[in-house]
Amino acid sequence: MTFIRRIPELLAPAVLVLATALLAFEVSTYLQAYFLDTLVKVAIVVALYVFIGNSGVLSFGTISFVAVGAWTAGVLTVPEGQKRVTMPGLTHFLVTTNVGNVASLALAAGVGAAFALAVGLPLMRLSGLAAGIATFAVLGITYNVLTYEQSIGPGLNAFSSVPQTTGIWQAAVGGLICVVVAYIYQRTRFGRKLRATREDSAAAAAVGISTYRQRLLAFTLSGALAGFAGGIYVHLLPLQVGGLYLDLTFITLAMLVVGGSGSLLGAVVGALAVNGIYSFFSAATNGVDVLGWNLTVPTGTAEIVLGVLMAAVLILRPSGITGGREFSLPRRRAVVDLEKARAPT
Amino acid sequence: MIVAFLNLTWGTFADALALGGIYALMAVGIGLVFGVLRLVNFAYGQLMMAGAFALAYGSQWGLPKWVSILFCFAVVLALSVVMDHLVFRPLRSHSPAVMLVATFAVAFLLQNIALLAFGSLGKTAGQFAELQAPWDIGGVEIRKIAIIAIVTATVCLALLQLLLTRTPVGLHMRAASMDFRTARMLGVRANRVIGGAVLISGLLAAVAAVMLSVQDTQVTSTFALSDTIYVLMGVVLGGLNRPIPATLGGFSIGFAFGLLGGILPSNQSQYLPSFIFAAVIVVLLVRPNGLFTRATGALERV
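A quick note: this is a predicted structure, and the numbers were derived from the prediction, not measured.

A.B. asks: Mind laying out the overall build of chain B, listing which residues take part and the relevant values?
C.D. replies: In terms of helices and strands, chain B carries 12 helices and 4 strands. Scaling as 2.2 N^0.38, a compact globule of 302 residues should have a C-alpha radius of gyration of about 19 Å, and chain B matches this with 19 Å. The principal-axis extents of the C-alpha atoms in chain B amount to approximately 60 × 45 × 35 Å. Counting over 302 residues, chain B shows a buried share of 52%. Of the roughly 12900 Å² of accessible surface on chain B, 67% is carried by carbon and sulfur atoms. Separation between the mean location of the 17 positive side-chain charges and that of the 9 negative ones in chain B comes to 16 Å.

Now the structure itself:
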């Protein structure tokens, strides 16, 4: 019985991802780009959620794993002749090594996980602000090194001539993989243990849970998903290191918080809602038809709307749209009524 | 002399001290607000950006220098009060993570408003450019702004220390930053203390904005953004809870950046942020509560 009741928890976010993909088939190629971007954002936000949501510890490091994954998948799939032109400083090994699309994504996930593990080994001992700032430092280092190190990538230039294999299928499947992995993880004993440390670290320690070990596991898994998402991203757009730094960190964190960082559904809903609104106003800079009325807004409106919306959601509903709950079919239980009764009117 | 090796000159040394001083002002501004609100204000750099734009308009309109500076102070103070009332106060009772993301949102918003209003090239704040010129002190050339920044930072920090230790408001602020709830029970007025901290923090942001705009005369929407990140690092490095450790942390980061940036050749100094960040990580691992603190109280879970 519980198993059947649990099904909607996975189904709801998965259906949302699929619905986005199906909608993407219906719209013009110009608008399709926004849908694909949204699906990639879903993957990144789910990667963020696996660590931040389950552990309750704020981390700014995830985008550095996205960047590392993008670099891996990008460098390994640009045709050799192109590499010699666009990335003259690349080390010989990377120039001559090329892999296919799927292999590049798997390697991106692997490198993301390895990097996250290496970073997490020392850093997962920290918590609170120290952890936040230390992961921020990791992000800063990654950005700094990828910007200037020409032997492992294009440096400040954009990744040109990466095969654009991320169409609707790859974006949708990628998003789904992240959602399913995140769901399976949070249902395993590892996920439950980590959530226990989030709720009460002293009680969790008392029943023999090692906070350090559980956080490290989640951090590594989150790194793998982030690297994977980065691989999908680089196969979609000619990425640039500047696009994988503060703005992306901010926007994806915003998505997680707006949706509700306590649940997988929150991560997916947040990514879809925030990116939907952002995309709408980005598209509106070139004019869009809203119910037969043409709307054109100046460049930059999307960012301002997003900033206002974020602040508003945080002030009015700080636990996010979903309130940190998974989707469940309505059922009559005293607990639910009690919570409603307790809510301030 | 100790400074005779490498490329280190007295000028570079003074510049490093000056940058350390400016960062120390920013650090104590961030630390004060954290003390009473438990809020890490990521939007601090955008306050400074607004001040720098005010200075740029001051020079465009040909205002006298002191009027420009007053205008800058007015803009920064007004903006910090508005920010406090619209965003920080409503969120006061929420978790530090929510508040941090909220300040992220404010920072993002202000940055994009500036981008929309002033374009990606920004504006020029050229009124104080002559302070870049060096003074000759006993055969040693030191830039005027370096000396002014060191003196200003010292004076500001000394005044702040007096305020915190010798006035009732300062006492309330220190009490609130140790234990807000107990302080309130003992009759400290929460809103007044928070308002005071926000105002002082804004004042320090304005001072720092004037100093920084002398060096970065081209004011864009990313003005003081990377500085804020470095200062945040420094503040946590020193210890967020108390003003003096926070100040020392900010100063150390600024001094290290100024000094190493001045003496390293550019092919090495491009990786300077990485070295500093790595150093920050190492320090945090060894002393998670900060380098300059003795207290080992539990930190906030963010």
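A.B. asks: For the overall build of chain A, give the residues involved together with the corresponding values.
C.D. replies: Across its full length, chain A holds 15 helices and 2 strands. Computed over the C-alpha atoms, the radius of gyration of chain A is 20 Å, within 12% of the 20 Å expected from 2.2 N^0.38 for a compact globule of 345 residues. Counting only C-alpha atoms and orienting by the principal axes, one finds that chain A spans roughly 65 × 60 × 35 Å. Within chain A, the proportion of its 345 residues that are buried is 54%.

A.B. asks: Give a description of helix H14 (residues 301-316) of chain A that names residues and reports values.
C.D. replies: Helix length check: H14(A) (16 residues) gives 22 Å between terminal C-alpha atoms against 22 Å at 1.5 Å per residue, within 8%. Within H14(A) the residues assigned to the buried category are A:Thr301, A:Ala302, A:Glu303, A:Ile304, A:Leu306, A:Gly307, A:Met310, A:Ala311, A:Val313 and A:Leu314.

A.B. asks: Explain the interface of chain A and chain B residue by residue, including any values.
C.D. replies: Where interface size is quoted, it is often the accessible area lost as the parts come together. Facing 45 residues of chain A, the contacting portion of chain B comprises 39 residues. Interface of chain A and chain B: buried area, both sides summed, is about 3800 Å²; carbon and sulfur atoms make up 79% of it. The tally of links from chain A across to chain B stands at 0 salt bridges. Linking chain A to chain B there are 4 residue pairs in polar contact (both at pLDDT 80 or more). Secondary-structure elements contributing two or more residues to the side of chain A that touches chain B are helix H6 (101-123), helix H7 (128-148), helix H9 (189-199), helix H12 (246-259) and H14 of chain A.

A.B. asks: Residues and numbers for the pairing of strand S3 (residues 140-143) of chain B, please.
C.D. replies: Residue and element names in this part refer to chain B. As defined by bridge partners, strand S2 (residues 134-137) adjoins S3 across 4 bridges and the pair is classed as antiparallel. Within S3, the residue paired with Trp-135 across the bridge is Ile-142. What sits between the antiparallel neighbours S2 and S3 is a turn of 2 residues, in which Gly-138 has the positive phi angle 55°.

A.B. asks: Go over the nonpolar core with me, naming the residues and quoting the values.
C.D. replies: Grouped together as the largest cluster of nonpolar side chains are 202 residues, with contacts concentrated most on A:Val46, A:Leu244, B:Met48, B:Met233 and B:Ile253. Of all hydrophobic cores here, the second largest spans 5 residues; its members include A:Ala283, A:Val288, A:Leu295 and A:Val297.

A.B. asks: Give a description of the side chain of B:Ser68 that names residues and reports values.
C.D. replies: Within the secondary structure, B:Ser68 is located in helix H3 (residues 65-88). Those residues in contact with B:Ser68 that lie beyond four places of it in its chain are B:Leu55, B:Gly58, B:Ser59, B:Leu63 and B:Gln127.

A.B. asks: Now, about the packing of aromatic side chains: what can you tell me, with residues and values included?
C.D. replies: Tallying each qualifying case throughout the model produces 24 aromatic pairs over all chains. Between A:Phe65 and A:Phe219, the ring centres sit 5.4 Å apart and the planes meet at 85°, which makes this aromatic pair edge-to-face. Remark: A:Phe219 occurs in helix H11 (residues 211-234) and A:Phe65 occurs in helix H3 (residues 62-77); sequence separation between them is 154 residues. Taken individually, A:Phe65 and A:Phe219 each receive the classification buried, so the pair is uniform in this respect. Seen from their ring centres, A:Phe250 and B:Phe104 are 5.9 Å apart, and the 40° between their planes marks the pair as tilted. A residue pair is termed interchain when its members come from two chains, as with A:Phe250 in helix H12 and B:Phe104 in helix H4 (residues 96-118). Given a relative accessible area of 3%, A:Phe250 falls into the buried group. Put simply, the rings of A:Phe60, A:Phe136, A:Phe250, B:Phe42, B:Phe104 and B:Phe108 pair up and form one aromatic cluster.

A.B. asks: Quick one: what's the story with a nonpolar patch on the surface, residue by residue and with numbers?
C.D. replies: All names here are of chain A. Nonpolar side chains collect at one region of the surface, where Leu-22, Phe-25, Trp-169, Val-173 and Ile-177 lie side by side and expose about 540 Å² of accessible area between them. Listed by contribution, the elements that provide at least two residues to the nonpolar patch are helix H1 (2-26) and helix H8 (168-187). It is H8 that contributes the most residues to the nonpolar patch, 3 residues altogether. Of note, Val-173 is situated in helix H8. Residue Val-173 is classed as partly exposed on the basis of its relative accessible area, which comes to 43%.

A.B. asks: Which residues make up the environment of A:Met310, and what values do they have?
C.D. replies: Along the chain, the position of A:Met310 falls in helix H14. Expressed as a C-alpha distance, the spacing of A:Met310 and A:Thr220, which sit 90 residues apart in the sequence, is 28 Å. Apart from the residues lying within four places of it in its own chain, the contact partners of A:Met310 are A:Phe250, A:Ala254, A:Val258, B:Val101 and B:Ala105.

A.B. asks: Residues and numbers for the packing of helix H1 (residues 10-37) of chain B against helix H9 (residues 225-238) of chain B, please.
C.D. replies: A pair of packed helices can be characterised by two numbers: the angle between their axes and the separation between those axes. Residue and element names in this part refer to chain B. Remark: H1 packs on H9, axes separated minimally by 9 Å, with the N-to-C direction vectors making an angle of 70°. Here H1 is positioned roughly perpendicular relative to H9, judged by the angle of their axes. The crossing of H1 and H9 is right-handed. Across from Tyr-23, Met-26, Ala-27 and Ile-30 in H1, the residues of H9 making contact are Asp-227, Thr-228, Tyr-230, Val-231, Leu-232 and Val-235. Split into classes, the residues belonging to the contact of H1 with H9 amount to 8 nonpolar, 1 polar and 1 charged.

A.B. asks: Could you give an account of H8(A), with specific residues and numbers?
C.D. replies: Taking 1.5 Å as the rise per residue, H8(A) with 20 residues should run 28 Å; its terminal C-alpha atoms sit 28 Å apart, in good agreement. Along H8(A), the positions that sit buried rather than exposed are A:Ile168, A:Gln170, A:Ala171, A:Ala172, A:Gly174, A:Gly175, A:Cys178, A:Val179, A:Ala182, A:Tyr183, A:Tyr185 and A:Gln186.

A.B. asks: So, the side chain of B:Ser213: which residues are in play, and what are the values?
C.D. replies: Counting through the fold element by element, B:Ser213 comes out in helix H8 (residues 190-215). The residues contacting B:Ser213, other than those within four sequence positions of it, are B:Ala52, B:Leu55, B:Ala125 and B:Phe223.

A.B. asks: Can you explain the environment of B:Val76? Please cite residues and give values.
C.D. replies: All names here are of chain B. Examined against the element boundaries, Val-76 turns out to sit in helix H3. Exposure remark for Val-76: the relative accessible area of 0% places this residue in the buried category. In sequence terms Val-76 and Ala-175 are 99 residues apart; their C-alpha atoms lie 26 Å from each other. If near-sequence neighbours (up to four positions away) are discounted, Val-76 is found in contact with Leu-47, Gly-51, Gly-202, Ala-205 and Ala-206.

A.B. asks: Mind laying out the environment of A:Gly287, listing which residues take part and the relevant values?
C.D. replies: All names here are of chain A. Locating Gly-287 in the fold gives a position in the loop between helix H13 (264-284) and strand S1 (288-290). Between the C-alpha atom of Gly-287 and that of Pro-298, which follows or precedes it by 11 residues, the distance is 9.7 Å. Other than its neighbours up to four places away in sequence, Gly-287 contacts Asn-294, Leu-295 and Thr-296.

A.B. asks: Please give an account of the confidence of the model for chain B that cites residues and values.
C.D. replies: Residues and elements named next belong to chain B. Put simply, chain B has an average pLDDT of 86, and 94% of its residues get 70 or more. Throughout residues 297-302 the model reports pLDDT below 50, and contacts reaching past four residues in sequence, or to other chains, amount to 21 contacts. Confidence metrics for the complex model read pTM 0.88 and ipTM 0.84.

A.B. asks: Account for the pattern of salt bridges, naming residues and giving values.
C.D. replies: One pass over the structure, following the stated rule, counts 6 salt bridges over all chains. Measuring nitrogen to oxygen at the nearest pair gives 2.8 Å for the salt bridge that ties A:Arg84 to A:Glu80. With A:Arg84 and A:Glu80 both in helix H4 (residues 80-86) and 4 residues apart, this pair spans about one turn of that helix. Note on A:Arg84: relative accessible area 49%, which makes it partly exposed. When its relative accessible area of 32% is taken as the criterion, A:Glu80 is described as partly exposed. Of the charged contacts in the structure, one is a salt bridge between B:Lys65 and B:Glu130, with a shortest N-O distance of 3.0 Å. A residue pair is termed long-range when its members are at least 10 positions apart, and B:Lys65 in helix H3 and B:Glu130 in the loop between strand S1 (123-124) and S2 qualify at 65 residues. By relative accessible area, B:Glu130 is classed as partly exposed at 46%.

The rules we used
The numbering scheme is per chain: residues are counted from 1 as the chain's sequence reads. Here the convention is simple: chains get letters from A, ligands get numbers from 1, in the order in which they are written. Two thresholds apply to this predicted model, a pLDDT of at least 70 for residue-level local features and 80 or more for giving and counting side-chain atom pairs, whereas whole-chain, interface and lining totals are computed over all residues. Note that the side-chain values use all heavy atoms of the structure and ignore hydrogens as well as water. Strands are runs of DSSP state E lasting at least two residues, helices are runs of H or I lasting at least four, and both sets are numbered from the N terminus onward. Restricting the calculation to C-alpha atoms gives the radius of gyration, and the globule rule supplies 2.2 Å times the number of residues raised to the power 0.38. Relative accessible area decides the class of each residue, using a 1.4 Å probe on protein chains only: under 20% of the type maximum gives buried, over 50% gives exposed, and in between gives partly exposed. The Shrake-Rupley method, run with a 1.4 Å probe sphere, supplies the accessible areas, and residue values consider only the shown protein chains as cover. Positive charges are assigned to Lys and Arg, negative charges to Asp and Glu, while His and the chain termini are left out of the count. Note that the charge is assigned to NZ on lysines, CZ on arginines, CG on aspartates and CD on glutamates. For a helix, the expected span equals 1.5 Å multiplied by the number of residues minus one. Note on definitions: a residue-residue contact is assigned when non-hydrogen atoms from the two residues lie within 4.5 Å. Two parts lose some accessible area (1.4 Å probe) when they are put together, and adding that loss for both gives the buried area. A side-chain nitrogen of Lys or Arg and a carboxyl oxygen of Asp or Glu constitute a salt bridge if their distance falls within 4 Å. Here a polar contact is recorded for every N or O atom pair within 3.5 Å, except that within protein the pair must consist of a potential hydrogen donor and a potential acceptor, and residues adjacent in sequence are included only if both atoms are side-chain atoms. Pairing between strands is defined by DSSP: at least two bridges between the two strands are required. The set of buried Ala, Val, Leu, Ile, Met, Phe, Trp, Tyr and Cys residues whose side-chain atoms join them within 4.5 Å is what this entry labels a nonpolar core. The criterion for an aromatic pair is that two Phe, Tyr or Trp rings (for Trp, the six-membered ring) have centres within 6.5 Å, with stacked assigned to planes under 30 degrees apart, edge-to-face to planes over 60 apart and tilted to the rest. Patches here: salt-bridge-free residues with over 30% relative accessible area, like charges joined within 9 Å, nonpolar side chains (Val, Leu, Ile, Met, Phe, Trp, Tyr) joined within 5 Å. Between N-to-C directions, angles cover 0 to 180 degrees, with each direction set by a line fitted to C-alpha atoms, over the stretch in contact for helices. By the definition adopted for this analysis, an angle is roughly parallel if under 35 degrees, roughly antiparallel if over 145, roughly perpendicular if from 65 to 115, and oblique otherwise. If you view the pair so one helix is near and one far, a crossing is left-handed when the near helix is turned anticlockwise from the far one by less than a right angle, and right-handed when it is turned clockwise. Ten residues, namely Ala, Val, Leu, Ile, Met, Phe, Trp, Tyr, Cys and Pro, are considered nonpolar, four, namely Asp, Glu, Lys and Arg, are considered charged, and the remaining ones, Gly among them, are considered polar. Per-residue confidence from the predictor is reported as pLDDT, a score between 0 and 100.

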